[in-house]
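What the coordinates show
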Amino acid sequence: MKSARHILTSLAMLLFLIQGLNSEIHYPWKNIYIGSLEGNAWAGLVFAPNKLNVFAFRIKVEKGTQAADRNDLFYLISEVGPHSPDGQYARIKVDLSLPFNKNKDTPILIKPPSKSDTLVLEWSRQDEKTVIGRIIAPKTVKIQLIHYFPWDLSGRYTLLPDGHVSGTGFGAQNFHYLLWTNRNGELITDSQSEEMALSFSMEKERRLYFVVGVGEDARILKNHIYRYKNKKTIDTFLNEEKNLYNKKRVKIRGLYEGVARAITNNIFWMTLYQPEKHRFYIPAGRTWIFPTPDETLDHWTIFEWDAFFNALEVSIESSKHAVDIIRSVLETQYPNGNIPNWRGRFNGTPDRSQPPVGSYVVLKLFQKLGDLDLLRYAYPYLKKWHSFWIENKTNGQPRRDGNGDGLLEWGSDAELVSPQVPDWEKNADGRQRAMWESGQDDLPNWDDASFDSETGTLTMNCVDLNSLYALDSWCLAQMAKVLDFKDDYENYLDEYEKMRNLINRNLWDEREGFYFDRHWDGRYSTKKAASNFYPLLARIPDQRQALRMVRHLSDPEKFWGDYVIPTISRDDPSFKVENQQYWRGTIWPPTNYLVYQGLKAYHFDAIASEFAERSSSLFLRSWENFQLCPENYDSRTGEAGGRRYQSWGPLFALIALEEYLDFTPWEGFRFGMIKPEKKGKLSRVSIQGRHYEVEVSTSEVKLKEEGKEIIKANGGAVFRRFLYSENEISFEVSSLEERQIRIRFLTKGKYAFRLDNQLKDIFEGKSLKIKVPEGEHSVLILLLEKKD
């Protein structure tokens, strides 16, 4: 067995070397999905060869007279460990010293717990159909491996004489499942059943090793997993795969260290399987799977703006996951164009949508990934969704423009409300449903807004919706331009300018220097919310207006402070001194992310950097100390609140990562920092097939491609609209002081150098050092001719 193990180890190393040449961590498995892919079985694995044959096992823990199964273990998680997007290494830890079955009342303790009280689940996908793993548990517990068929799928498990568990799916094109453990368990169910449980005492041996395979031929499958059935082989492979993933994953060292790891660890452990579609998707969190009308768990639940943000999070290591998630949310669309608040297989919200951020996210992803197929696929869905907001309903009334003034309101279509809604929606009125559509369920902005049942809208023009709708118009125009839809391009640009003018004319209060919601009777709302800064993201204000808005943001009496930013201003009567709840002053990932992006759109780099530091510090404190990825935070204390693991929670960390490098509709390819506090390095970022690194410090900002330096500034600087090819290098640069910039060209030749569109010099060579005054400048380098 030693030689076989050596050969397999060499193959694993070869696979790593090959993958190291690729641009990202690829998902090489084309047909079979494997992972912790059922929401309420975090400590388990799902094996999905196709949508009709899906196998699974989960861990149940027995400690004395107590037992923890399914979501009981969710509240005992002590480490959300690394999780390679290709499944080649994953690890979680569970604190078994905590009381069982306490649900939300389970205490939250500083991590890590004592090793003697910890359960560890590690697994590694070795090929298309095989997983190896080990479970380490305290001596005082028993472990049950429960084999079952998730969702409404069926089949049969059989305990074989040699201790293997064999499974057969009853779907078309039958597949087989085979599990080996290094020691036999005690059968505590029937030897042939749809759910089979084997119990393993950990008293004498704390480790349990397993190998699982799935395939169409049971005999070939048994021969296939034989090569892995050795404890030392499994130990060797797991340790190697852990180290290999650590080498190839996206990393940050120094400034903002830990944020890349926090994003990927969380988001890939929250990735689930959508059985009817045979693909990945991400819910709002592992416990956010809503019930069906008959009160059983739905097969999946997708929330609109959560899912779009999730695609950005996973894209830092996997374009495959990002595309799957975009497809999953777009395909929730109803025939009238509505991409709903939420939708599952058996229920949803046909009456209402959620904030329209889809075009913005898809355009960002296209800029980064260069995936034209994604753009072609997404555009018709996004175009139809955009029309949903303003098209006439059956009564001839524009859907979300109740008073016909061209500005929009949140709403709900009463005639489309699902006949079988979850319990918490049964007595909801139209106003409440409109508030849910806003995504900010109980935001104080809505306190004084009435609801018009005839129009199905609030009687107040909403800054957040109108800003996001305008942004949607602009992003759709950019997509149409790429796709060569000339009429669409012109129409969407015209609509953007129209919305921009309407917002400035009707929602800007010159006296206050701020945008406000406005009642239909002409009164401005008095509420200042974090989402009232969304006009920055859509580039609605001019520079003077934008500067006045930033004064509100930086005012500690309103929004600024150690913990930023509250969803409602600190001087608002609804800002709770005690028991701060939900959207009434708490800090939320999506609002922080969108406000940050708005600051960057106006090149407010200094305050954006402070914003990034405070956002990421808030998140890392709860993540590193308690392994939480929470729904929101208290803006007075910084204490985590809401659900413990929320899939958009890592947006706080993504803000810090995107301080190094980002793609946005307004800025193009941006990198660098205006005034780095200390040295930092972002590495292993994949952009359109190439790896990039960004290094920052007080003395330099540097961009590398595949390890080779492209451009360097001798201090803090932010580069925007960066283009780099054999024929042209162009960019805009901002700095607080005069900077020297060194550029390396791909090809030696004769270049013309223009600064702020003024011809400065013609030179020849393969590199150039230029001096740029402080402030914002457009720098254009053009290749005039090449030498043979």
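Here the structure is a predicted model, which means the values were calculated and not measured.

Side note on the overall build of the protein chain
Broken down by element type, the protein chain carries 17 helices and 40 strands. Over its C-alpha trace the protein chain gives a radius of gyration of 27 Å, about what one expects of a compact globule, namely 28 Å for 788 residues. Dimensions of the protein chain along its principal axes, counting C-alpha atoms only, are 80 × 75 × 50 Å. Counting only contacts in the protein chain whose residues sit at least 6 apart along the sequence, the fraction spanning at least 24 positions is 65%. Side chains of the protein chain carry 105 positive and 107 negative charges; the gap between the two charge centres is 7 Å.

A few points about the pattern of salt bridges
Taken as a whole, this structure holds 52 salt bridges when the rule is applied. Where Arg-91 meets Glu-79, a salt bridge forms, and the shortest distance between an N and an O atom there is 2.9 Å. Linking Arg-91 in strand β6 (residues 90-95) with Glu-79 in strand β5 (residues 77-83), this pair joins segments that are 12 residues apart in sequence. Here Arg-91 matches Glu-79 in class, with each residue buried. Three or more residues joined by partner-sharing salt bridges are found here, namely Lys-364, Lys-600, Asp-605, Glu-658, Glu-659, Asp-662, Glu-667, Arg-670 and Arg-720.

A word on the environment of Thr-349
Its location among the elements puts Thr-349 in the loop between β21 (342-344) and α8 (358-369). With relative accessibility at 1%, the residue Thr-349 sits in the buried group. Counting along the chain gives 311 residues from Thr-349 to Tyr-660, while the straight-line C-alpha distance between them is 38 Å. When near neighbours in sequence (up to four residues on either side) are disregarded, Thr-349 contacts Tyr-334, Asn-338, Pro-340, Asn-341, Trp-342 and Glu-425.

Focus: the pairing of strand β3 (residues 53-63)
The element β3 is extensively covered by neighbouring structure, given that eight of its 11 residues are classed as buried. Pairing analysis gives five bridges linking strand β2 (residues 44-50) to β3, with the strands arranged antiparallel. Bridge pairing in β3 places Gly-44 opposite Arg-58. The turn joining β2 and β3, which pair antiparallel and follow one another in sequence, is formed by two residues. Relative to strand β9 (residues 142-148), β3 runs antiparallel, the two sharing seven bridges. When the sheet's bridge partners are listed, Glu-62 is paired in β9 with Lys-142. Judged from the three bridges that link them, β3 and strand β4 (residues 66-68) form a sheet pairing that is antiparallel. For Val-61, the partnering residue across the bridge sits in β4 and is Ala-68. Once β3 ends, the chain turns through two residues before running back antiparallel as β4, passing Gly-64 with a positive phi of about 65°.

Quick word on the packing of aromatic side chains
One pass over the full model with this rule turns up 55 aromatic pairs. Judged by centre distance (5.3 Å) and plane angle (90°), the ring pair of Trp-305 and Trp-648 falls under edge-to-face. Highlighted residues: Trp-305 in helix α6 (residues 304-314) and Trp-648 in the loop between β29 (640-641) and α17 (651-660), separated in sequence by 343 residues. Exposure class is identical for Trp-305 and Trp-648. Each is buried. Ring geometry for Trp-588 and Trp-648: centres 6.2 Å apart, planes at 90°, overall edge-to-face. One end of the pair, Trp-588, is in the loop between α14 (543-553) and α15 (589-601); the other, Trp-648, is in the loop between β29 and α17, and 60 residues separate them in sequence. Among the aromatic residues, ring-to-ring pairing joins Phe-663, Phe-669, Phe-671, Tyr-692, Phe-719, Phe-722, Tyr-724 and Phe-731 into one connected group. Lying over the aromatic face of Tyr-148, Arg-70 brings its terminal NZ or CZ to 5.0 Å of the ring centre. Against the face of Tyr-524 rests Arg-518, its NZ or CZ located 4.3 Å from the ring centre.

Some remarks on the packing of α15 against α17
Running from N to C, α15 and α17 cross one another at 20°; their axes reach a closest spacing of 8 Å. Judged by the angle between their axes, α15 and α17 are roughly parallel. Every residue of α17 that contacts α15 at Pro-589, Pro-590, Asn-592, Tyr-593, Tyr-596, Gln-597 and Lys-600 is listed here: Leu-651, Phe-652, Leu-654, Ile-655, Glu-658 and Glu-659.

Topic: the packing of helix α5 (residues 259-269) against α6
It is the contact of α5 with α6, at a shortest axis distance of 9 Å, that shows an interaxial angle of 125°. Regarding the angle of α5 to α6, the classification is oblique. For α5 against α6, the interelement crossing comes out left-handed. Mapping the contact onto sequence places Ile-263, Ile-267 and Phe-268 in α5 and Asn-310, Glu-313 and Val-314 in α6. Of the residues assigned to the contact of α5 with α6, the class counts are four nonpolar, one polar and one charged.

What to know about the sheet that holds strand β8 (residues 130-136)
One open sheet accounts for nine strands, arranged β5-β6-β7-β8-β16-β12-β11-β10-β14; its pairing is antiparallel. Of all the strands in the sheet, the pair left with one neighbour each is β5 and β14 (192-193). Sheet analysis places β8 next to strand β16 (residues 207-215), joined by seven bridges and oriented antiparallel. Within β16, the residue paired with Ile-135 across the bridge is Leu-208. Each of β5, β6 and β7 (118-127) is contacted by α5, which is oriented at about 100° to β5, the strand it contacts most.

Considerations on the side chain of Ser-199
In this structure, Ser-199 sits in strand β15 (residues 196-201). Not counting the four nearest positions on each side in its chain, Ser-199 is found in contact with Glu-62, Lys-142, Ile-143, Gln-144, Gly-185, Glu-186 and Ile-188.

Quick look at the confidence of the model for the protein chain
Scored by pLDDT, the protein chain comes out at a mean of 92, with 95% of its residues at no less than 70. Here residues 783-788 scores under 50 on pLDDT; set against residues more than four positions off or in separate chains, the count is 16 contacts.

Side note on the environment of Gly-439
Assignment of secondary structure puts Gly-439 in the loop between α10 (430-437) and β22 (451-452). C-alpha of Gly-439 to C-alpha of Phe-303: the two residues are 136 residues apart in sequence and 10.0 Å apart in space. Excluding residues that lie within four positions of it along the chain, Gly-439 makes contacts with Trp-305, Gln-354, Pro-355 and Trp-583.

Let's talk about the environment of Ile-252
Note on placement: Ile-252 falls in strand β17 (residues 251-254). Taking relative accessible area as the criterion, Ile-252 reaches 3% and is therefore assigned buried. Not counting residues up to four positions away in its chain, the partners in contact with Ile-252 are Glu-257, Gly-258, Val-259, Ala-260, Leu-657, Tyr-660, Lys-681 and Leu-682.

A word on unusual backbone geometry
The peptide bond linking Val-564 to Ile-565 adopts the cis configuration, its omega dihedral lying at -15°. Positive phi, close to 50°, is recorded for Arg-70, a residue that is not glycine. The phi dihedral of Trp-151 falls on the positive side, at around 55°, and the residue is not glycine.

Quick look at α5
The buried fraction of α5 is high, at 10 of 11 residues. Buried residues of α5: Val-259, Ala-260, Ala-262, Ile-263, Thr-264, Asn-265, Asn-266, Ile-267, Phe-268 and Trp-269, and no others.

Examining a negative patch on the surface
A grouping of Asp-487, Glu-490, Asp-494 and Glu-497 is seen on the molecular surface, where their side chains present a negatively charged patch. Overall, the relative accessible area of 43% leaves Glu-490 in the partly exposed class.

The rules behind the values
- Along each chain, the written sequence defines residue order, and numbers are assigned to residues from 1.
- A pLDDT threshold of at least 70 governs which residues receive local features in this predicted model, and a stricter bar of 80 or more applies before side-chain atom pairs are shown or counted, although totals over entire chains, interfaces and linings include all residues.
- Hydrogens and water are ignored here; the side-chain numbers use all heavy atoms of the structure.
- Counting from the N terminus, the helices are the DSSP runs of H or I reaching at least four residues and the strands are the DSSP runs of E reaching at least two.
- Throughout, radius of gyration means the C-alpha value; the globule benchmark is 2.2 Å times the number of residues raised to the power 0.38.
- Should any heavy atoms of two residues lie within 4.5 Å, those residues are considered in contact.
- Charged-residue counts in this description rest on Lys and Arg as positive and Asp and Glu as negative, His and the chain ends being excluded.
- To locate a charge, take NZ of a lysine, CZ of an arginine, CG of an aspartate or CD of a glutamate.
- For this analysis, a salt bridge means a side-chain nitrogen from Lys or Arg found within 4 Å of a carboxyl oxygen belonging to Asp or Glu.
- Any residue under 20% of the maximum accessible area for its type is buried, any over 50% is exposed, and the rest in between are partly exposed; the area is computed with a 1.4 Å probe on protein chains only.
- Following DSSP output, two strands are said to pair if at least two bridges run between them.
- Under the pairing criterion, centres of Phe, Tyr and Trp rings, with the six-membered ring standing for Trp, must be within 6.5 Å; the plane angle then separates stacked pairs below 30 degrees from edge-to-face pairs above 60, leaving the rest tilted.
- By definition, being over a ring means that NZ of Lys or CZ of Arg is both within 6 Å of the ring centre and within 35 degrees of the ring normal.
- Angles here are taken between N-to-C directions and fall from 0 to 180 degrees, while the axes themselves are lines fitted to C-alpha atoms, restricted in helices to the stretch in contact.
- Between 65 and 115 degrees an angle is taken as roughly perpendicular, under 35 as roughly parallel, over 145 as roughly antiparallel, and anywhere else as oblique.
- Each helix crossing is assigned a hand: it is left-handed if the near helix lies turned anticlockwise from the far helix by less than a right angle, otherwise right-handed if that turn is clockwise.
- Lys, Arg, Asp and Glu make up the charged group, whereas Ala, Val, Leu, Ile, Met, Phe, Trp, Tyr, Cys and Pro make up the nonpolar group; the residues left over, Gly among them, are polar.
- What pLDDT conveys is the predictor's confidence in a given residue, as a value from 0 to 100.
- Patch membership needs two things, relative accessible area over 30% and no salt bridge, and members are linked within 9 Å if like-charged or within 5 Å if nonpolar (Val, Leu, Ile, Met, Phe, Trp, Tyr).
- In these tables, accessible area is a Shrake-Rupley quantity obtained with a 1.4 Å probe, and a residue counts as shielded only by the protein chains included in the view.

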